[in-house]
Amino acid sequence: MQKLITSSLIALLTLFITPVLIPIRFIAKRIKRSRVYREVSHRDCSECGNHLGADSLARASQQFKTMVQDFKNKYPSMRINFGRPFAAICTHCDCHYDYDPVEKVIVPTATVA
Ligand SMILES: [Zn+2]
């Protein structure tokens, strides 16, 4: 009887917590994206001095999509969740930047092959 009560309680908690957690995750993702956008729009490239801006975000997004598509073509049966290795790419010199969530700045990273 106690096992039934415990499992029912867990099911009820899951039922009530899930609608709260999903929007929180969505909101956290949006907040991170807006911080990256704000940081990139105020920064110049540390290598060449070119202004990064929204184009560098779009370039990073496009390169990440290409990487994922290449991986899916190479290994069609594998299912892997990728973490994005870079947040922005300089449109002038291909310098890669990643977002540091602790310092809340973008920092140059090693180029991904
Ligand atoms: Zn640059």
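This one's a predicted model, so the numbers in the text were calculated from it and none came from an experiment.

The rules we used
- Residues numbered from 1 in each chain as written.
- Predicted model: local features only at pLDDT ≥ 70, side-chain atom pairs only at ≥ 80, totals over all residues.
- Helix = DSSP H or I, 4+ residues; strand = E, 2+ residues; numbered from the N terminus.
- Buried ≥ 20, exposed ≤ 12 C-beta atoms within 10 Å, placed from the backbone.
- Contact = placed C-beta atoms within 7 Å.
- Core = buried A, V, L, I, M, F, W, Y, C linked by C-beta atoms within 7 Å.
- Expected span 1.5 Å × (residues − 1).
- Bend = angle between axes of the 7 residues up to and from the residue.
- Pairing = 2+ DSSP bridges.
- Axes fitted to C-alpha atoms, helices over the stretch in contact; angles between N-to-C directions.

1. Re the overall build of the protein chain
A tally of regular secondary structure across the protein chain gives 2 helices and 3 strands. Secondary structure elements in the protein chain, listed N-terminal to C-terminal, are α-α-β-β-β. Its C-alpha atoms put the protein chain at 70 × 35 × 20 Å along the principal axes. A burial count over the protein chain gives 13% of its 113 residues as buried. Residue pairs in contact within the protein chain that sit at least 24 positions apart in sequence constitute 51% of those at least 6 positions apart.

2. Focus: the nonpolar core
Looking at soluble globular proteins, one finds that nonpolar side chains tend to be buried together. Among the nonpolar cores identified, the biggest contains 13 residues, and F86, A87, A88, Y97 and I106 are the most heavily contacted of them. When contributions to this core are tallied by element, the ones reaching two or more residues are α1 (2-41) and β1 (88-89). Setting aside chain neighbours within four positions, we find A88 in contact with V40, L52, S56, L57, A60, Y97 and I106.

3. Concerning α1
Its 40 residues give α1 an end-to-end C-alpha distance of 57 Å, which sits within 8% of 58 Å, the value for a rise of 1.5 Å per residue. Approximately 35 degrees is the largest bend angle found in α1, and it occurs at I17, with the proline P19 only one to four residues beyond. Burial analysis of α1 places just 2 of its 40 residues in the buried class, which makes it a mostly uncovered element.

4. A word on the sheet that holds β1
Sheet architecture is open: 3 strands sit in the order β1-β2-β3, paired in antiparallel fashion. Here the strands that pair on one side only, and so sit at the sheet edges, are β1 and β3 (105-109). As judged from the 5 bridges shared by strand β2 (residues 96-100) and β3, these two strands associate in the antiparallel manner. From the neighbouring strand, Y97 faces β3, where its bridge partner is P108. The strands touched by α1 within the sheet are β1, β2 and β3, with β3 carrying the most contacts at an inclination of about 70 degrees.

5. Here's the deal with the pairing of β2
Pairing of β1 with β2 involves 2 bridges; the strand directions are antiparallel. Each residue of the ladder has a partner; that of I89, found in β2, is H96. Linking β1 back to β2 in an antiparallel pair, the connection comprises 6 residues, with D94 at a positive phi of about 65 degrees. With antiparallel pairing between neighbouring strands as the criterion, β2 and β3 make up a hairpin whose turn holds 4 residues, including K104 at a positive phi of roughly 60 degrees.

6. Points about unusual backbone geometry
A positive phi angle is found at D94, which is not glycine, with a value near 65 degrees. Position of D94 relative to the elements: it lies in the loop between β1 and β2. Backbone geometry places K104, a non-glycine residue, at a positive phi of 60 degrees. Assignment of secondary structure puts K104 in the loop between β2 and β3. Classification of K104 as exposed rests on a count of 12 C-beta atoms within 10 Å.

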